[in-house]
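Structural description and commentary
Residues per chain are reported as follows:
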Amino acid sequence: MTAALAAFAFAPGLAVGSFLNVVASRLPSGQSIVTPRSACMSCHTPIRSRDNIPLVSYLLLRGRCHTCKTGIGLRYPAVEFGTAALAAASVFVWGPTWRSLAAALFCAALVAVSATDIEERVVPNLVVLPASVAVLALQLLWHPSVVWAASGLGAALFLFVVALAYPRGMGMGDVKLALLLGIGVGRAVPVALLAGMIFALVPSIVLFVRHGAAARKMAIPFAPFLALGGLVALFAGDRLVDLYLRLL
Ligand SMILES: [Zn+2]
């Protein structure tokens, strides 16, 4: 039953992912996300409707523009597939509940923020703040509690202090992302922050090995790692917190 529902969630997930691609391409440069129609980044030919089907068109076009054959970034199918797969996973885990919707929306926001941070080094307020409000409302419908807002504010405060101490490593965008993380995963938010920091260590170490001391000046986008930590906390965080509390 939930497997069928989850499969059913995949298609709207793809549509949301496709919209997020538009958001990720246009928001950082301040363009409208409504008009004009999507066009090829290289030859500026408007994309035909039949070439604008999420995932399918990318595969049929073999990742190239129909007109000028310039390669289409892998980000497009990756965002579409990621959003759809995470929406399906949310429905699979929580069934037809407000929690599923909250989780799917939370995941979609994490995917969008990761894409903009990797490409433009921005964590857009216009994604994080409305997503925080909407996810909070859905969480409260599912389980009325102060834990969502309290976890969000606690996580944001924690990263704010870290950002003050290491201004080069983290920005205010990451602080706002921590707010969303806390609202999305509640009491499991320490798992999200810790996992995010551990994931971020990997490229830092690689850079350090390759470039030595010069690596210290190379900034790494942090949001994608926090987002990954958020996914770990969303799907496994409660179990990890319980396990930890039992060890105490
Ligand atoms: Zn083109």
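Residues numbered from 1 in each chain as written. Predicted model: local features only at pLDDT ≥ 70, side-chain atom pairs only at ≥ 80, totals over all residues.

With that settled, consider the nonpolar core. Judged by nonpolar contacts, the single largest core of 65 residues is most densely connected at Leu-105, Cys-107, Ala-109 and Val-113. Mapped by element, the contributors of at least two residues to this core are α1 (2-26), α3 (75-94), α4 (98-120), α5 (125-142), α6 (147-165), α7 (172-185), α8 (189-211) and α9 (223-247). If you tally residues by element for this core, the top one is α4, at 14 residues. A domain-level breakdown of this core finds at least three residues from each of domain 1 (1-96) and domain 2 (97-248). (Core = buried A, V, L, I, M, F, W, Y, C linked by C-beta atoms within 7 Å. Buried ≥ 20, exposed ≤ 12 C-beta atoms within 10 Å, placed from the backbone. Helix = DSSP H or I, 4+ residues; strand = E, 2+ residues; numbered from the N terminus. Domains from an automatic or database assignment.)

Here we come to the environment of Met-170. Position of Met-170 relative to the elements: it lies in the loop between α6 and α7. Taking C-alpha positions, Met-170 is 32 Å from Trp-98, a pair spaced 72 residues apart along the chain.

Viewed as axis vectors pointing N to C, α4 and α5 meet at an angle of 165 degrees, and their least axial separation amounts to 8 Å. When the axis of α4 is compared with that of α5, the two are roughly antiparallel. Crossing of α4 against α5: the hand is left-handed. Contacts from Trp-98, Arg-99, Leu-101, Ala-102, Leu-105, Phe-106, Ala-109, Ala-112 and Val-113 of α4 reach α5 at Val-127, Val-128, Ala-131, Ala-134, Val-135, Leu-138, Gln-139, Leu-141 and Trp-142. (Axes fitted to C-alpha atoms, helices over the stretch in contact; angles between N-to-C directions. Parallel < 35°, antiparallel > 145°, perpendicular 65-115°, else oblique. Left-handed = near helix turned anticlockwise from the far one by under 90°. Contact = placed C-beta atoms within 7 Å.)

Another point: the environment of Ala-15. Among the secondary structure elements, Ala-15 is positioned in helix α1. Considering only alpha carbons, one finds Ala-15 and Leu-55, 40 residues apart in sequence, at a separation of 9.7 Å.

Another aspect to go through is the domain arrangement of the protein. Taken domain by domain, the protein consists of domain 1 (1-96) and domain 2 (97-248). When each unit is reduced to the centre of its C-alpha atoms, the spacing between domain 1 and domain 2 is 23 Å. Facing 19 residues of domain 1, the contacting portion of domain 2 comprises 18 residues. If you list the elements that add at least two residues to the side of domain 1 that touches domain 2, you get α1 and α3. A total of 10 residues in the side of domain 1 that touches domain 2 trace back to one element, the largest contributor, which is α3.

For α6, which comprises 19 residues, the first-to-last C-alpha distance of 27 Å matches the rise-based estimate of 27 Å (1.5 Å per residue) to within 8%. Taken together, the buried positions of α6 are occupied by Trp-148, Ser-151, Gly-152, Ala-155, Ala-156 and Leu-159. The buried residues of α6 occupy one face: seen down the axis, they fall within an arc of 125 degrees. Of the exposed residues in α6, the ones pointing more than 90 degrees away from its buried face are Val-161, Leu-164 and Ala-165. If you follow the buried residues of α6, they end up packed against α5, α7 and α8. (Expected span 1.5 Å × (residues − 1). Arc of directions from axis to C-beta.)

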